[in-house]
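Spelled out from the first residue to the last, the chains are:
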Amino acid sequence: MSNDEFRAALSRLAAGVVLVTAEEPPLDEHGRGEDVGMTATAFMSVSLDPPLVLVSLRNDSRMDDLLAEQPLWGVSVLTQGQRQVAARFSMKNRISDRLLFEDIPCIRGEIAGAPLVGGALATLECRTEQRVPAGDHTLVIGRVLSASLPNPDGEPLTYFKGRYRQLG
């Protein structure tokens with residue numbers, strides 16, 4: 001089986017779209033660290049008791065490197081109206097995320113300190129419990145420390161056959 005055959009087969013699995021965020025540790029004790037974000041479609045609930053979620057991160061990506069040292073992170077479950085947010089944070093080889101957050105309404109999570117997207121279907125604050133190597137990715141399992149529903153009646157953004165989609 002080729003990589004293209006594998007990718008084509010799995011592209012037929014519709015997935016929800018989330019923005020995973022974390023704050024880099026500050027360079028000194030007087031400042032804030034830079035906010036980092038990454039669009040993910042490989043995100044799922046793992047356990048209710050304790051509340052655990054899983055996100056798959058490409059090895060050596062900026063988010064993988066950051067979450068290897070920063071145990072606290074956030075997740076925003078995106079609405080269909082937040083397609084631009086998803087597209088913006090899925091760009092490869094970007095130097096800085098500072099400008100990407102600039103005009104996105106966010107609140108800072110009280111526990112993780114990570115930016116959480118305003119108007120998201122749901123937001124979570126997590127602490128890494130386990131990192132599992134899996135081929136060219138790392139599975140990061142996080143304990144959910146807080147959950148909120150900023151926009152519980154919104155419609156989800158989904159990813160199917162290589163494109164962002166709306167349900168219905």
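From a predicted model like this one, the values you see are computed outputs, not experimental measurements. (Residues numbered from 1 in each chain as written. Predicted model: local features only at pLDDT ≥ 70, side-chain atom pairs only at ≥ 80, totals over all residues. Heavy atoms only, no water.)

Together, Met1, Phe6, Leu10 and Leu13 line one region of the surface with nonpolar side chains, adding up to about 500 Å² of accessible area. Counting through the fold element by element, leucine 13 comes out in the loop between helix 1 (3–10) and strand 1 (15–16). (Patch = residues over 30% accessible without salt bridge, like charges linked within 9 Å, V, L, I, M, F, W, Y side chains within 5 Å. Areas by Shrake-Rupley, 256 points an atom, 1.4 Å probe, with all protein chains shown as cover. Salt bridge = Lys/Arg side-chain N within 4 Å of Asp/Glu carboxyl O. Helix = DSSP H or I, 4+ residues; strand = E, 2+ residues; numbered from the N terminus.)

Across the sheet, which stays open at both edges, the seven strands sit in the order 3-2-6-9-10-5-4 with antiparallel pairing between neighbours. Either end of the sheet is taken by a strand with one partner, and the two such strands are strand 3 (35–40) and strand 4 (43–47). With strand direction ignored, the average angle separating the axes of adjacent strands in the sheet is 35°. When strand 6 (residues 72–77) meets strand 9 (residues 122–134), the two strands line up antiparallel, connected through six bridges. Counted as the bridge partner of serine 76 is threonine 123 from strand 9. Its contacts with the sheet put helix 2 (residues 62–69) on strand 2 (18–23), strand 3, strand 5 (52–58), strand 6, strand 9 and strand 10 (137–148), and the angle it makes with strand 2 is roughly 50°. (Pairing = 2+ DSSP bridges. Axes fitted to C-alpha atoms, helices over the stretch in contact; angles between N-to-C directions. Contact = heavy atoms within 4.5 Å.)

What follows deals with the nonpolar core. Val20, Val55, Leu57, Met63, Leu67, Trp73 and Cys126 are the most contacted members of the largest nonpolar core, which has 18 residues in total. The residues contacting methionine 63, other than those within four sequence positions of it, are Val20, Thr21, Ala22, Val36, Gly37, Met38 and Leu57. Within the second largest apolar cluster, 12 residues are counted, among which are Val17, Leu19, Ile104 and Leu157. (Core = buried A, V, L, I, M, F, W, Y, C linked by side-chain atoms within 4.5 Å. Buried < 20%, exposed > 50% of the residue type's maximum accessible area, 1.4 Å probe, protein only.)

So, about the pairing of strand 2. Taking burial as the measure, the six residues of strand 2 include six buried ones, the bulk of the element. Burial along strand 2 is two-sided: the face carrying Val18, Val20 and Ala22 and the face carrying Leu19, Thr21 and Glu23 are both buried. Both strand 2 and strand 3 contribute to a ladder of six bridges, which runs antiparallel. Paired with alanine 22 across the strands is valine 36, a residue of strand 3. Across four bridges, strand 2 lies against strand 6 in antiparallel orientation. Residue pairing across strands places threonine 21 opposite glycine 74, the latter belonging to strand 6.

The subject of this paragraph is the environment of proline 150. Take proline 150: it is sitting in the loop between strand 10 and strand 11 (157–160). Looking at proline 150, the relative accessible area reads 42%, which means it is partly exposed. A sequence separation of 29 residues divides proline 150 from leucine 121, and the C-alpha atoms of the two residues are 6.0 Å apart. When near neighbours in sequence (up to four residues on either side) are disregarded, proline 150 contacts Gly119, Ala120, Leu121, Ala122 and Thr123.

On the surface, Arg12, Arg83, Lys161 and Arg163 cluster together into a positively charged patch. In this fold, arginine 163 is placed in strand 12 (residues 163–166). (Lys, Arg positive; Asp, Glu negative; His and termini not counted. Charge placed at Lys NZ, Arg CZ, Asp CG, Glu CD.)

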